[in-house]
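Working through the structure, step by step
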Amino acid sequence: VQLVESGGGLVQSGGSLTLSCAASGFTFRYYGMSWFRQAPGKERELVATITGAGDRTNYGDSVKGRFTISRDNAKNTVYLQMNSLKPEDTAVYYCMGLGVWGQGTQVTVSS
């Protein structure tokens, strides 16, 4: 099982980014996927989850209405569309599925 995130970077406050997580080594469509994030000195927090079929999603309170999780089961990829970014969204973002974590991708939002 392998998860590889991409799409992080530096963006100004109010901007947008889309993260991707490419999965391999398991039957992707059978499993829910999640995005987490961890800011310096803080605990890792859940950002969003999506079911295997992509028909149900859940979001952390701090990102509701701004972030959207989605998936393309044909491409074995889960996405996180992040809009209206704030400096407090600065963190390393991790993809998680089947109990396995990706390596993380840094998102930095400047004020």
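Let me sum up the structure you'll find in this document. As the structure is a prediction and not an experimental result, all values here were calculated from the model.

**Quick word on the side chain of S20**
- Following the sequence through the fold, S20 ends up in strand β3 (residues 17-24).
- With relative accessibility at 19%, the residue S20 sits in the buried group.
- Residue contacts for S20: discarding those within four places in its chain leaves V4, E5, S6, W35, T77, V78 and Y79.

**Some points on unusual backbone geometry**
- One non-glycine residue, N76, lies in the positive phi region at around 50°.
- Assignment of secondary structure puts N76 in the loop between β7 (67-72) and β8 (77-82).
- The partly exposed category is assigned to N76, whose relative accessible area is 26%.
- Positive phi values are uncommon outside glycine, yet S84 reaches one of about 50°.
- Within the element layout of this structure, S84 appears in the loop between β8 and β9 (91-97).
- Accessibility expressed as a relative area gives 42% for S84, which makes it partly exposed.

Reading the values: rules and limits
- Residues numbered from 1 in each chain as written.
- Predicted model: local features only at pLDDT ≥ 70, side-chain atom pairs only at ≥ 80, totals over all residues.
- Heavy atoms only, no water.
- Helix = DSSP H or I, 4+ residues; strand = E, 2+ residues; numbered from the N terminus.
- Buried < 20%, exposed > 50% of the residue type's maximum accessible area, 1.4 Å probe, protein only.
- Contact = heavy atoms within 4.5 Å.

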